Each structure stands twice: as C-alpha cells, then as structure tokens.
2 protein chains.
Amino acid sequence: MSSERLIYLPLGGAGEIGMNAYVYGYGAPGKERLILVDLGVTFPDMDTTPGVDLIYADISWLKERADRLEAIFITHAHEDHVGAVALCHEMLGAPIHARAFTANIARKKMEEAGHPEDAVRTVSAWPEQVKAGPFTVGFLPVSHSIPESAALVIDTPAGRIVHSGDFKLDTTPVVGEPFDEALWSEVAKPGVKALVCDSTNVFSPHPGRSESEVGPAITQLVEQASGMVVATTFASNVARVKTLAEAGHRAGRSVVLLGRAMRRMIEAATETGILTDFPRVVSAEEALDLPRQNLMLIVTGSQGERRAASAQLARGKYRGIELKEGDLFLFSSKTIPGNERGVIRIMNQLSEKGVDVVDDSNGLYHVSGHANRPDLERVHALVDPQMVIPMHGEHRHLREHVKLAEAGGRAGVLAVNGTMLDLSGNAPQVVDYVETGRTYLDGSVKIGALDGVVRDRIRMALNGHVIVTVILDEDDEPLGEPWCDTMGLPETGASRAGLVEVLEEDLNQFLMRADVKTLRDDDKLEEAMRRIVRQSAQIEIGKKPEVTVVISRMK
Amino acid sequence: MSSERLIYLPLGGAGEIGMNAYVYGYGAPGKERLILVDLGVTFPDMDTTPGVDLIYADISWLKERADRLEAIFITHAHEDHVGAVALCHEMLGAPIHARAFTANIARKKMEEAGHPEDAVRTVSAWPEQVKAGPFTVGFLPVSHSIPESAALVIDTPAGRIVHSGDFKLDTTPVVGEPFDEALWSEVAKPGVKALVCDSTNVFSPHPGRSESEVGPAITQLVEQASGMVVATTFASNVARVKTLAEAGHRAGRSVVLLGRAMRRMIEAATETGILTDFPRVVSAEEALDLPRQNLMLIVTGSQGERRAASAQLARGKYRGIELKEGDLFLFSSKTIPGNERGVIRIMNQLSEKGVDVVDDSNGLYHVSGHANRPDLERVHALVDPQMVIPMHGEHRHLREHVKLAEAGGRAGVLAVNGTMLDLSGNAPQVVDYVETGRTYLDGSVKIGALDGVVRDRIRMALNGHVIVTVILDEDDEPLGEPWCDTMGLPETGASRAGLVEVLEEDLNQFLMRADVKTLRDDDKLEEAMRRIVRQSAQIEIGKKPEVTVVISRMK
C-alpha cells in the first residue's frame, strides 16, 4: 500500500480566477488512476488575448494520460467550471458527472458541439456516490450564486477529501438548498484529510450576506419606478432572477427575459424542477404592446459584454424595445475587475438616453456568491481537515488563504497550476511541477498561448504593419522599385511626404547599392529591408512597425 | 452691448474624465475674444487606442480662431489639465498662465518640447488678476490632491464666472492652502453668474475626507512593518508623498524616491517653496547599502503602469533594489476604473515574491481629491451662482450634477464637449454644436481619432492579417502562383493542411479561371482575392482576417 499515493494537480484555477480544472489521482507513482474536477473557461481581453474567443486550461498532461482518466466531475454550471466540457470531450472522452441542473447545461453544450449527450450523467445529491476507479465521489449541496452548486466528497484509499467548489454559507438562498451545517458536520465526522477550498473572497473581512437580503431593496426600488424597469444580473443567478421577477410582478409589471443565456438558464432551472413558481413571462413582441410602466425587463450583459442585451439596449434597440427618459436600469451585480470600462460605457450611453442607472455601489442590490474570510474560517473549523489547499483564486488569494489556514493551526500549502502535491502523508508534499498553460479557442482553431499568434496580433495593434514587396529578375537584380503597403499607420510623418513614398525611396536607395550576396540571399535581403523600414519609420513617425517582406524571384 | 455675448464651449472634459479643455468667449457672435482653461491629456488603452501614446482634445475649432485666443489658464498640474500644453503650443501660441507649482511643471514640458519657457507666466493667488482681452482672471486657491490647485474667478462684462477646477473641501490638506470658506464667500459676494463645476464624485454620498486623515493609519502600518516598506501613490500628490515619507522617517527608515515623476514632483514642490520640511532622502544606490528594515521606498506606478517603478519592482529589480519575502507594499491610492488588471497583475507578482500587499479596500490609506455630493451642495450654496454648469465628468456625472443643481433651485445645464452655451442671459442657452473629437499622439505623429489608423490596428489584432502577392505579366496573365503571408493567424486549420497552402491553392484556382476583365482591373482583382481569402479562412479557421492584396504588373 505504501507504494501508492494520492495526488492533487491543478491544471487551471489555482493562481487565477477562471478556467478551473483540478486533477486528483490515486495509485502507484506514474500509474495513478485519475479524476478531473471541473473543466471551465476564462474570457479573453484586448490587452492580452485580442481576437481570441475562449480560453481554457492546457490539458496536454491529462490528454496524454486519458486512458487513466476515470471520470470528470462538474461542481456547478458556471462557465469557469463547465465551459470547456464540449471543447475537450474528444481529447479526454471520460464520462461527465454532475447534478441535474449542471448536467442540463453541460448536455446543451455537448449537443451544440455534436457530441453525445449521454456522456453527461446526472447524479443526485449526497448521500448518492459515484465510483470512479479508486475514487468514490458524492455531491454535497452548498449554496452559491447558481442552483445546485456542490462540494465534492472524494473518498480515496488514503482518506476523504472535500473539494469545496464555489460556495457561500447561505441559509436563505431564495432558490435551491440552504447551507446545511448538520450535513457538512456529518460528512466531516469520519475525518477529512484535505479541504480543497474556494479562496475568492479571502480578503473580504465581514461574514457574507444572504441572497435573500437583496429582495426588499429591489422590491422597493421597482415599486417606486415610474417608467420601464430593466435589471441585469448573471443569467445563471437564478435566485436573483427570481427575486427581480417577483419584484416586477408584485409591482404589477409583466416580466420579460432578454438574452439567450437568460432564457436558457430559466429554462434549465424549470426543466430540472428547481424553479417552480416563477412569475409568468411575456415575450419581447408582446411587451411592445404593453405600456412601459407595466414592464420589467431582466436582461443579460451585467459585465458590459458588447453583444449582450444590456449593451444593445444602451446603444439602441433590442428586439424592438427602446429605453427612454425616465426609465430605470438596475445593475444587480458586481463588476468583475477588468470589465469596468465596458460597464461604464453602458452607464453613460443609458445616461445619454435619460435613463436613471442604479448600481450596487452601496451594496443594496447584490451579494457575492463566495464565502468571505470569517465564513472560510467557519468552514475550516467545521470540516476540520488535516490540511487546507486553497484553490479558485489568484496568487494573492491563495497565499492569504494559506495564512488563514495556518493561523487556524492547519497545514496549508500554496499550490498554483502545475504543482503536483502528494497528499498521502500527514502534510502535503510537492512532488512534481507539470508544464501547464492556456489554450485559446480562436475562431474554430485551438492554439497554444505561446504559439506567437496572439503576440503578433498585439504587435500589429501596437506598432502597425508595413508590407514590402520586391521582385528580383533572373539575375537577382530588382525588377522595378520596391513597393510598400501599410496598415494601421499614419499616412504622413515628419517630412510631410507620404510615409509609403519615404519608405519606398529609402528601400530603393538601398537596393540600388546592395551587393550581389545580399540580393541573392532571401534572409539577408529580408532582414536588411526590415531594418530600413523600421529605422525610416522611426524617423518619420516615431514608431517601429512590424514588417513583412515579400520577395518574388523570377527564376 | 446686447449684441455681445458670453460663451462657454468645452472641447474636452465634459462627457469624460480626462483631457480637459474649456473655452470661454466674450464679444459679438463669431468675433468673441477667447480664453482657454486647461489643456490636458487622457491615456490610451488596448481596447480602443492600441499603440497610441497620448490623447488630447481636438482643438481644430480653437486653432482656426487662434488669433482671437487671448490666453490659456491652467488650474493645476495634473496631466489631464496640463499635459497637452507643449503639444498644442505651436497651434495656439497664446501665453499660458498658472500658479508657481503648475507653471514649474508646464515649463518643463515646454522645455522638453523645445518651446520657449517664457510662454508660461506665473501668477500669484487671488486677489492677483490677469487681464486677457475682455476677461480678468484670478486664481482662487482650493484644496485638491496636488499643490496649488485653483478655481478661476473669471470676470467678464456679462458677470463673474467661477470655474472650480478640480477641488475638494479640505481644511487640513497637509501641504498647501486649506479650503478657505471666508475667501470663497468674499469672491461670491458680488454675485456669480455661473459656477462651472467639477462633477467627479457626484455619486459619492458622504462628505469628503481630509488628506490629514490617512496619516495615523499610514504611520501605524509603517511602524509595524518588519521588512522593507514600499508605498505607491500619484507622484503629484505631494501631501501624500510627504505623509508617507514622514511615516517612514518616524519609523527610523531612510526615504527613497523612485520613478522619474516622483523625483520631478518633489523637486517642483521644493523649488516653488511649497514643500519645506520634507525628510532627507537617500538615493537608490545609497539604499543598497542599508538594511532593508531601515528603508521606506516611495514609488510611481500606483495605476499599474507597466514601465513605472511599481511594475518593475514587482517583476524583478528596479535600480538594483529587489523585494523579498516579508516586505510590505502599500497602495496608498485608488485604482482608476480600467486600470484594475494592471494593478492586480502587480499585486500577484508581489505575492509571488512573498511580499505583503496592502491596498485601500477599507479606505484607511487613501482619500479622494474631489468634492463629494454634500461638498458640491455646500459649494453651490456658498458660491450661490445663477447657474451651475457641470464639467469634469462622464455623461452620467454631468447629468446627476445637473439634477443636484436643480434640486437646489439653480439652473443647471448638461453641456458635453462641443456644446456652445450663451451665458449672457439669466439661464444658459445652447447656441451651437461644434465638431469635437480626440487627437492621438502616435509616436511623433498627431492623428485624428477617426482617421482609421487605430481602427485598422484593432482589426488586425482581432482578425489577423493575410498578405496576398500576385504578379501579372505583360498580357495580364498570372506569372507563377499567388503567394500568401500571414501574421497573427494559426498555421493550420480544419483541413490539417497549412493555412497558407490552402489559401494559395484557392487563390490559384480562382486565377486560373478568372476572366480577362477581372485580371486587367486591379480593384476587381483585389476585391475578388480578398473575398476568397476571407471565405477560405472562415472555413479553415473560423475567422475572417484582414487582407492586403499586392498586385504587381510586369508592364
């Protein structure tokens, strides 16, 4: 038995918030049978990933060991946990286990990608368990900002692990199961080796607030509104959507759900029986016939996404509906760091339309879905594990969470993506570092983050692009003059002459004097011409552009 | 007299926070003599302005009327108020008036750009006044987050205007003049036609806090630190820099100023006599010989700027100094919306080094430099103007500020950039809309925001770039096959063949079948080839790239 070990290896989600993917393994070193917990995406931005559609963890390590992968378990249906299941299905192939609501969402992704839906298997909540090689895994209900979030109870020959998933301690969550302290105690009772734990809100000093706390303020706000009311939140926050819809309903307004994700989430929650008494909704078409003061729109796009309903309503119309002076727009959401510009853009566009915008700057209309610092302490005490392994956090969150665990007298370890831990002993041991990274879905192609593709895009965006074309005849003599095209560069520079003309003149001067050795050597010629373009451009426009040199030879 | 009028025209700063530029005019319509208040910049970002160095207001309107421009007045030395003085000097030429500290900063900009420093003239505080055509302008001291901020008292034949500049109501500002209610009352006494007023913090519901309030918390934090202490704040916040330095000094630490802006601001404050008892500083070189627990670094880069001292210290060394486990890094600053990613990147890099990061999430170590909502109400009442014209704010801020003014029984008007107001009567009248916009400093070239240069860069960043080269012989027949180069695109797509090869093959197929009419017409040929590349790429990689087609003809 001592030759077998229990390992933990985050491939994504540890050292970042996003693209969660955590591997557990049990067996002889190098021969462990594996399970994967969560398989999510993260979202691109112009600063680092222009043009990219989605980002997920580089799962090469797992793909090479796909024959040892017993199963995939998804804790909940947020995109950063479930978003990559269809993208990776061909590479991994293992069955995907999830609770009903999560499975519903995962199946739709599989269906859209043309994969078999039956690869996704529905599991009931604890005490049901799934056998997966040496692992026995159960879904322990926990409150979060989406229905049926679950912690995983992972039983292994080396002991029990509790993988928290994303969670908060909410005893009145509006939709779904409240946090059940007694049930958690029961699970913890046999002894827990490791608590692998959400770190998102480790810097938030006060106990977390319940989802039910926002109801009264939202209800009051909607009651007092005189024009159309629009509210945006994450579509997956079904409890919040329900609170918003009920506030509208109570104020005598017809509820309209706008945005694909909004309709899909409510559909999934209804199909799985989670949502039973949602107010009747009307379609956008029906809404057009109703007085605006009788409408309550609940829409996607709380993060300022350009194509979502919020952004479209702010710019103009969405499905025929247009906002006007005196309407009210509520952000029942927190802006995720990095999305501020997009959200503020929408706020100002709404302001230009005369719409009153209410956001959550005073904490009235939104609560977080993650456990705050005192809640984490409470869960550490409740689960009472031998060791705490912080996950779901940037480096600073993981580091702080380790400190918190240690302050509570428990072994903690900071394991970022790629850190393989052996959990078999009394304290976690780092046994390996695995190369990890990010894979980009770019259009329909998967590219590696380090392939240079995105780097080149960023360079073109920062520096512009010059294309040089030169034709050489059979004797390696220039045939005519070189030709320049530019993209993303000003037309004229310091000399007031056209930039293209200046560059062509400088290149021509060079070609006329170039020796045969250079003219015969594509690499040399290209390098020399690139240098000339960059130097001349620096003088003319104060900028060194990217340069592509196309040499055509007549022979 | 009734044929003369008093006009107000914001060219920048109204409908955004940044690049302030406000025109006032007096005279017969179309012949008004003009003054300009502030001439600032705003900063580019990857989302909208990749590769751009600085952004400032399009001053074409003013340039065309430069002969009528009497003078430029700069309220304070923040970059969004003074940053474009040197960039625009040749176009405008008018003398620049400012108080000593601001003039010091403006002169350095002029000097660096090779402009005459004596174009900048130092003015003492109120009651000194400057005559500028029909205007008489005085600098009324007011507290802000930089020394010698001033409101302008602008006397015109049509009455007195108070242009607030950026301000807060701070009676204990640590450095510089406290807010002097009596002096403001005195200025208001003769009656004020219009208060043109900072709107930045109109959504902040509580009275603003004094700069002096952060001293005790900072002092305590530094006293308790055991390793090196690094603090970052805006270099121009001389009071804060002093508070930080004194906290270090009191804790027995030698103070080191790192970053060009940090040294320049302290130098300017010392040269102008504003800063008299700043603790002795040591150089980075001297610091290397001192124990780390005896050091207090005050550094630039509180907004996560990649090239500033903070970012360099987070990545590695800065001037030989390196942070280590147990050091403390304080953000004595607020992150401006849009800069979150950069700041968080630094926090995580510091976390990786084992440095404890303290930010202002609990409001202990930073206060704002702008008047909050109750402060604005107080100033409205104190100045008691006929009308309030909100400036220095996004659309939503201006709109809210108008509401606030109206709630106080005063005429308010929402005038965004380009809105020309006639202030001569009892209420402001919109008399014209002037075309405004943004000018980009891009390398050494000034380009218009709508020139398409930046749009092309964004497109290349999102879509990649394909370059197609084709040579046609004397008979308009293709000479050899077409040639493709790509930049910012994956090498292979759906067919598993090289993307370039697929594109070349498709282009060749097309060329072999193309009719003479197409082959003879550059525009037609280019358009057809562009379409083929975009279609083929869409099939191969799910993306339609930007395409440059270079056609070379042998005739």
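As the structure is a prediction and not an experimental result, all values here were calculated from the model. (Residues numbered from 1 in each chain as written. Chains lettered and ligands numbered in written order. Predicted model: local features only at pLDDT ≥ 70, side-chain atom pairs only at ≥ 80, totals over all residues. Heavy atoms only, no water.)

Take the relation of the copies chain B and chain A next. The transform that puts chain B on chain A rotates by 180° and translates by 0.0 Å along the axis, for an RMSD of 0.0 Å. The relationship between the two copies is best expressed as a two-fold rotation axis. (Least-squares fit on C-alpha atoms with pLDDT ≥ 70 in both.)

A few words on the nonpolar core. One finds A:Leu39, A:Leu62, A:Phe101, B:Leu39, B:Leu62 and B:Phe101 to be the most contacted residues of the largest nonpolar core, which totals 215 residues. Setting aside chain neighbours within four positions, we find B:Leu39 in contact with B:Asn20, B:Ala21, B:Ile59, B:Ile72, B:Ile74, B:His81, B:Val82, B:Gly83, B:Ala84, B:Val85, B:Cys88 and B:Leu92. (Core = buried A, V, L, I, M, F, W, Y, C linked by side-chain atoms within 4.5 Å. Buried < 20%, exposed > 50% of the residue type's maximum accessible area, 1.4 Å probe, protein only. Contact = heavy atoms within 4.5 Å.)

Quick look at the pairing of strand S20 (residues 328-331) of chain A now. Residues and elements named next belong to chain A. A two-sided burial pattern is seen for S20, the buried positions comprising Leu328 and Leu330 on one face and Phe329 and Phe331 on the other. As paired strands, strand S15 (residues 229-232) and S20 are joined by four bridges and run parallel to one another. Counted as the bridge partner of Val230 is Phe329 from S20. Bridge count for S20 against strand S21 (residues 356-358) is three bridges, and the pairing is parallel. Across the sheet, Phe329 pairs through a bridge with Val357, a residue of S21. With respect to chirality, the unit in which S20 leads through helix H11 (residues 340-352) into the neighbouring parallel S21 is right-handed. (Helix = DSSP H or I, 4+ residues; strand = E, 2+ residues; numbered from the N terminus. Pairing = 2+ DSSP bridges. Right-handed = clockwise from strand over helix to strand, strands pointing away.)

Looking now at the domain arrangement of chain A. All names here are of chain A. Parsing chain A into structural domains produces domain 1 (5-206 + 368-448), domain 2 (211-358) and domain 3 (464-553). Computed over C-alpha atoms, the centres of domain 1 and domain 2 are 31 Å apart. Domain 1 puts 18 residues into the contact, and the matching count from domain 2 is 18 residues. Summed over both partners, the interface of domain 1 with domain 2 buries about 1,500 Å², with 59% contributed by carbon and sulfur atoms. Broken down residue by residue, the surface that domain 1 buries against domain 2 is led by Lys108, Val174 and Val175, which jointly contribute 33%. (Domains from an automatic or database assignment. Buried area = accessible area lost by both parts, 1.4 Å probe.)

As a further point, take the interface of chain B and chain A. Taken together, the 61 residues of chain B in the interface contact 61 residues of chain A. For the chain B and chain A pair, buried surface summed over both sides reaches about 5,300 Å², with 60% attributable to carbon and sulfur atoms. If you sort the residues of chain B by the area they bury against chain A, B:Met46, B:Arg341 and B:Met487 come out on top, with a joint share of 13%. Of the charged contacts in the structure, one is a salt bridge between B:Asp356 and A:Lys403, with a shortest N-O distance of 2.6 Å. Those elements that provide at least two residues to the side of chain B that touches chain A are helix H11 (340-352), helix H13 (395-407), strand S28 (445-448), helix H14 (453-463), strand S29 (465-472), strand S30 (483-487), helix H17 (522-541) and strand S31 (546-553) of chain B. (Salt bridge = Lys/Arg side-chain N within 4 Å of Asp/Glu carboxyl O.)

To continue, consider the pattern of salt bridges. The full count for this structure, using the stated rule, is 67 salt bridges over all chains. Taking the shortest distance from any N to any O, the salt bridge between A:Arg410 and A:Asp384 comes out at 3.0 Å. Here A:Arg410 is found in the loop between helix H13 (395-407) and strand S24 (411-412), whereas its partner A:Asp384 is found in the loop between helix H12 (373-383) and strand S22 (385-391), with 26 residues between them in sequence. Here A:Asp384 falls in the partly exposed class, since its relative accessible area comes to 47%. Between B:Arg455 and B:Asp456 there is a salt bridge, with the nearest N and O atoms lying 3.3 Å from each other. Among the residues examined, B:Arg455 registers a relative accessible area of 44% and is labelled partly exposed. In this structure B:Asp456 comes out as buried when scored by relative accessible area, which is 17%.

Okay, unusual backbone geometry next. Of all residues except glycine, most have a negative phi; of all peptide bonds, most are trans. Residue and element names in this part refer to chain A. Cis geometry is found at the peptide bond from Trp126 to Pro127, where omega equals 20°. Mapped onto the elements of the fold, Pro127 is located in the loop between strand S9 (120-122) and strand S10 (129-132). In the Ramachandran plot, Asp38 falls in the positive-phi region, its phi being about 70° despite a non-glycine side chain. Along the chain, Asp38 falls in the loop between strand S4 (33-37) and strand S5 (41-42). Of the residues examined, Asp38 reaches a relative accessible area of 0% and is grouped as buried. Positive phi is not limited to glycine here, since Val174 has a value of about 70°. With relative accessibility at 35%, the residue Val174 sits in the partly exposed group.

Time to look at the packing of aromatic side chains. All names here are of chain A. Applying the stated rule across the entire model yields 12 aromatic pairs over all chains. Between Phe73 and Phe139, the aromatic rings sit 6.2 Å apart at their centres with planes inclined by 50°, giving tilted as the arrangement. Taken together, the positions of Phe73 in strand S7 (residues 69-73) and Phe139 in strand S11 (residues 135-141) put the pair 66 residues apart, joining distant regions of the chain. The pair formed by Phe73 and Phe139 is uniform in burial state, with each residue classed as buried. (Phe/Tyr/Trp six-rings, centres within 6.5 Å; stacked < 30°, edge-to-face > 60°.)

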